[in-house]
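Close look at the chain arrangement
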Amino acid sequence: MSSILLLTSSPRSESLSTSIAVELADKLKAQNPGSVVVRRDLAANPLPHIDDLFTAAIRKPPEARTAQEAVAVKTSDELVNELLAADSIVIGTGLINFNIYSSLKTWIDNVARAGLTFKYTESGPVGLATGKKVYVVLASGGVYSQGPAAGMNHAVPYLKSVLGFLGITDIETIYVEGLAFGPEAAEKAIGAAKSRVEELALAA
């Protein structure tokens with residue numbers, strides 16, 4: 001059974017990054033009826049930020065952790081297992097201050113675990129979360145996929161860098177952009193994103 005991990009991070013109730021990410025996950029599932037969608041709404045159910053207790057716990061084997069350390073790392077272990085089990089990952093985020101939402105960054109901090117999702121070798125780090133396809137749905141008021149503001153889009157380069165570090169390099173980006181340029185521009189952007197979703201789902 002294949003698994004689709006759906007991560008949404010926008011706190012907005014009418015978020016386009018969320019609705020289009022959900023639509024894509026549903027279409028991917030429809031293409032493979034035996035698949036399951038594992039949903040993490042990172043805004044509605046924010047994850048704990050890492051702290052001293054967490055960083056101490058992940059440096060020890062599970063059997064050497066104290067009861068407090070075991071609790072501190074429990075959610076992270078669950079997130080790592082979800083990531084490793086996923087065949088496809090759909091990430092929905094808005095562009096906030098030129099990068100991803102902090103809720104999504106916290107998920108990354110929880111799943112980037114030495115020995116689990118990557119390892120260090122004599123020739124450098126090696127990602128362990130390989131063989132996955134990632135779809136990033138990025139919504140923004142301006143246009144950041146190209147043009148003069150493209151250099152301010154730190155979200156996509158960051159996600160590609162950190163996911164690549166974990167061994168995930170097959171990444172598609174669906175832009176929902178120019179939403180602040182009036183109703184007509186927003187309607188066009190949404191239509192283009194939905195068409196891209198349809199195209200990617202059929203190709204999956």
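Look a little higher up for the structure.
Residues numbered from 1 in each chain as written. Predicted model: local features only at pLDDT ≥ 70, side-chain atom pairs only at ≥ 80, totals over all residues. Heavy atoms only, no water.

1. Points about the packing of helix α4 (residues 102–111) against helix α5 (residues 155–165)
In helix packing, the relevant descriptors are the interaxial angle and the interaxial distance, both defined with respect to the helix axes. Running from amino to carboxyl end, α4 crosses α5 at an angle of 15°, the nearest separation of the two axes being 12 Å. The angle between α4 and α5 falls in the class roughly parallel. By crossing handedness, the relation of α4 to α5 is classed as left-handed. Contacts between α4 and α5 pair L104, K105 and I108 from the former with Y158, L159 and V162 from the latter. Grouping the amino acids of the contact of α4 with α5 by side-chain chemistry returns 5 nonpolar, no polar and 1 charged. (Axes fitted to C-alpha atoms, helices over the stretch in contact; angles between N-to-C directions. Helix = DSSP H or I, 4+ residues; strand = E, 2+ residues; numbered from the N terminus. Parallel < 35°, antiparallel > 145°, perpendicular 65-115°, else oblique. Left-handed = near helix turned anticlockwise from the far one by under 90°. Contact = heavy atoms within 4.5 Å. Nonpolar A, V, L, I, M, F, W, Y, C, P; charged D, E, K, R; others polar.)

2. Section: the pairing of strand β4 (residues 118–121)
When β4 meets strand β5 (residues 124–127), the two strands line up antiparallel, connected through 4 bridges. The residue bridging T121 from the neighbouring strand is G124, located in β5. If you look at the hairpin formed by β4 and β5, you'll find 2 residues sitting between the two strands. (Pairing = 2+ DSSP bridges.)

3. Thoughts on the side chain of S9
Within the secondary structure layout, S9 lies in the loop between β1 (3–8) and α1 (16–31). Taking the relative accessible area as the measure of exposure, S9 reaches 1% and is therefore buried. A distance of 3.5 Å separates the side chain of S9 from the side chain of T93, its partner in a polar contact. For S9, the residues in contact, after removing those within four places along its chain, are L42, A43, G92, T93, Y101, S103 and L104. (Buried < 20%, exposed > 50% of the residue type's maximum accessible area, 1.4 Å probe, protein only. Polar contact = N/O pair within 3.5 Å; in protein donor to acceptor, adjacent residues only side chain to side chain.)

4. Notes on unusual backbone geometry
Phi is positive for N97, which is not a glycine, with a value near 50°. In this structure, N97 sits in the loop between β3 (88–94) and α4. In this structure, F98 is a non-glycine residue whose phi angle is positive, near 75°. On the secondary structure map, F98 appears in the loop between β3 and α4. Using a relative accessible area of 33% as the deciding quantity, one classes F98 as partly exposed.

5. Some words on the side chain of T93
Secondary-structure assignment places T93 in strand β3. The exposure class of T93 is buried, given its relative accessible area of 0%. Ignoring anything within four residues of it in the chain, the contact list for T93 reads S9, S17, I100, Y101, L104, V137, L138 and A139.

6. So, the packing of helix α3 (residues 67–85) against α4
Put simply, α3 and α4 touch, their axes get as near as 8 Å, and they point 90° apart. Classified by the interaxial angle, the pair formed by α3 and α4 is roughly perpendicular. Every residue of α4 that contacts α3 at S76, L79, V80 and L83 is listed here: W107, N110 and V111.

7. Considering the sheet that holds β3
Strand order in this open sheet of 5 strands is β2-β1-β3-β6-β7, and the pairing throughout is parallel. With partners counted over all chains shown, the strands left at the sheet margins are β2 (36–41) and β7 (170–176), one partner each. Each strand of the sheet is rotated relative to its neighbour by a mean of 15°, with strand direction disregarded. Examined bridge by bridge, β3 and strand β6 (residues 133–139) share 7 bridges and lie parallel to one another. Across the sheet, residue G94 finds its bridge partner in β6, namely A139.

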